[in-house]
Amino acid sequence: MTFRSFFPPVRTLMGPGPSDVNPRVLAAMSRPIVGHMDPVFIAMMEDMKGLLQYAFQTANALTLPVSAPGSAGMETCFANLVEPGDKVIVCINGVFGGRMRENIQRYGGIAVTVEDDWGQPVSLQKVEEALRGNPDASLLAFVHAETSTGACSDVEALCELARRHDCLSIVDAVTSLGGIPLRVDDWGIDAVYSGSQKCLSCTPGLAPVSFSERAVARIRGRKTPVQSWFLDLNLVMGYWVGSGGKRAYHHTAPINALYALHEALVILHEEGLEASWARHRRHHEALRAGIEAMGMPFLVDEAHRLPQLNAVMVPQGVDEMAVRTALLDRYSLEIGAGLGPYAGRIWRIGLMGHAANERNVLLCLGGLETVLAEMDVVTPGHALPAARAIYSEQPRAKAA
């Protein structure tokens, strides 16, 4: 049997992630490898921490990329902050709140669930009732940007509730970091995790995290060892934070992947956070205009809708997989399917990072309208003019 090198096709990625990667990021990955304890690499790690602090809008000393995907960022938070018997209020309004609950249970915690309908934000009233009914709870966990539905929850208000009831907060920001406002220090977030492959426009495989001083004190004061050796921040801190100017070997870092994340964060810093937030919003508005011109509604109400993850209702009687297949085969364009109760009922269209641009919006709308028109579902000729009308307007100066 003969094996050959793998050369993937060029795709336009407009699903729920990964997103398109800036060519500068791909180029950064090809730079010469150095040792993970090399002084020049250690200096780059320090830059990386500063860039992540900017992206998260925090001064937290314990801010770093976990050497694994976003799911490991989630597990890092729960492995370090949950001990057996701890009671945790966990909010579920989609797939990823459910994964939070599973982490709590696997680490011996007691999960008190606050449930909301998929497509709705986390209910502040329900959370407050749960906190009042469970005064012994020590943590509140919830998703900022629910990737399975495109719903955005009020992080600032939820973290204020957590503080009022003497709880630490754990926030899933996998889909929000870089795409919409996220202010870790101003909002009082205690532990937050994200992923490299969405609005940061990096390759998958790294999980930025940040922990407040209160969270670090809880980690250092644990009564039981962290069950995961690899994710134990008491050990990882020796490598990423160091002591007395020295770094302790913990694991061989994914060096070239970290080059890529560093470059992605440099690009974000060059653009500016507020400009990035505004760009995501503007391209969402153009996409929305085109989708609505075709007569298709969104799952999430506008007030709680993510600009970077658009859950669009599939027209009745349409085989949503056939549409996605046609877009992939004919336009080399990927959009995402629904999950859970919305499998077969929505498309998830991502506008994340480098993929949030006018070309992609027009490609997606044009392809979607053509395929649906061939199915006699929509009348062609409306989507692109509606989107172009948005682009003809002056861009907003700042994100809301």
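Turning next to the overall build of the chain. Tallying secondary structure elements over the chain gives 14 helices and 14 strands in all. Taking 400 residues into account, the globule formula puts the C-alpha radius of gyration at 21 Å, and the chain, at 21 Å, falls close to it. If you line up the chain on its principal axes, its C-alpha atoms span 65 × 55 × 55 Å. Taken across its 400 residues, the chain has 58% of its residues classed as buried. Considering only intrachain contacts with a sequence separation of at least 6, the fraction spanning at least 24 residues in the chain is 72%. For the chain, the accessible surface area stands at approximately 16,600 Å², while carbon and sulfur atoms represent 53% of it. Side chains of the chain carry 35 positive and 42 negative charges; the gap between the two charge centres is 3 Å.

In terms of residue burial, strand β2 (residues 62-66) counts as a mostly covered element, since 5 of its 5 residues are buried. Where β2 meets strand β10 (residues 207-211), 5 bridges bridge the pair, whose relative direction is antiparallel. Across the sheet, the residue bridging to L64 is V209, located in β10.

All right, on to a nonpolar patch on the surface then. Together, W229, F230 and L235 make up a nonpolar patch on the protein surface, roughly 290 Å² of accessible area in all. Within the secondary structure, W229 sits in the loop between α8 (213-220) and α9 (233-240). For W229, a relative accessible area of 53% corresponds to the exposed category.

Further remarks concern the nonpolar core. General note: in soluble globular proteins, nonpolar side chains tend to be found buried as a group. Counting 92 residues, the largest nonpolar core has I170 and F211 as its most contacted members. At 10 residues, helix α10 (residues 255-271) tops the list of elements feeding residues into this core. Setting aside residues up to four positions removed in sequence, F211 forms contacts with N60, L62, T76, C77, L81, D190, A191, V216, I219 and L233. Counting residues in hydrophobic clusters, the runner-up holds 34 residues, among them A286, V312, A383 and I390.

Let us now look at empty space enclosed by the protein. Tallied over the full model, the rule gives 1 cavity of 30 Å³ or more. Of the volumes computed, that of the largest cavity is approximately 70 Å³. Lining the largest cavity are L64, P65, V66, S67, T76, F230, L231, L233, V236, W240 and H251. Where the lining of the largest cavity is concerned, the elements lending two or more residues are β2 and α9. Tallied by class, residues from the lining of the largest cavity come to 8 nonpolar, 3 polar and no charged.

Further remarks concern the environment of T63. For T63, the location among the structural elements is in strand β2. T63 gets classed as buried once you look at its relative accessible area, which sits at 1%. Residues T63 and M48, spaced 15 residues apart in sequence, show a C-alpha to C-alpha distance of 9.2 Å. Discounting residues that sit within four places of it in the chain, T63 has contacts with K49, L52, Q53, F56, T58, V209 and S210.

Glancing now at the pattern of salt bridges. Summed over the entire model, instances satisfying the criterion amount to 18 salt bridges. In this structure, the salt-bridge partner of E102 is R106, at a minimum N-O distance of 2.8 Å. Of this pair, E102 and R106 both sit in helix α4 (residues 95-106), 4 residues apart, which is roughly one turn of that helix. Since its relative accessible area comes to 38%, E102 is described here as partly exposed. Between E320 and R324 there is a salt bridge, with its nearest N and O atoms 2.7 Å apart. Of the two residues, E320 and R324 both sit in helix α12 (residues 320-331), 4 residues apart, roughly one turn of that helix. The same class applies to E320 and to R324, which are both buried. Through salt bridges with shared partners, a single network forms among R24, R31, E263 and E270.

In this section: α10. With 17 residues, α10 should reach 24 Å at 1.5 Å per residue; the first-to-last C-alpha distance of 25 Å fits that figure. For α10, the buried fraction is high: 13 of the 17 residues fall into the buried class. One or two positions beyond α10, positive phi appears at G272, with a value near 95°.

Here is what the cut-offs are and how they apply
- Residues numbered from 1 in each chain as written.
- Predicted model: local features only at pLDDT ≥ 70, side-chain atom pairs only at ≥ 80, totals over all residues.
- Heavy atoms only, no water.
- Helix = DSSP H or I, 4+ residues; strand = E, 2+ residues; numbered from the N terminus.
- Rg over C-alpha atoms; globule rule 2.2 N^0.38 Å.
- Buried < 20%, exposed > 50% of the residue type's maximum accessible area, 1.4 Å probe, protein only.
- Contact = heavy atoms within 4.5 Å.
- Areas by Shrake-Rupley, 256 points an atom, 1.4 Å probe, with all protein chains shown as cover.
- Lys, Arg positive; Asp, Glu negative; His and termini not counted.
- Charge placed at Lys NZ, Arg CZ, Asp CG, Glu CD.
- Pairing = 2+ DSSP bridges.
- Patch = residues over 30% accessible without salt bridge, like charges linked within 9 Å, V, L, I, M, F, W, Y side chains within 5 Å.
- Salt bridge = Lys/Arg side-chain N within 4 Å of Asp/Glu carboxyl O.
- Core = buried A, V, L, I, M, F, W, Y, C linked by side-chain atoms within 4.5 Å.
- 1 Å grid on protein atoms, 1.4 Å probe; cavity = no way out; pocket = protein on both sides within 12 Å on 5 of 7 lines; lining within 4 Å.
- Points joined across faces, edges and corners; volume = space filled by probe spheres on them.
- Nonpolar A, V, L, I, M, F, W, Y, C, P; charged D, E, K, R; others polar.
- Expected span 1.5 Å × (residues − 1).

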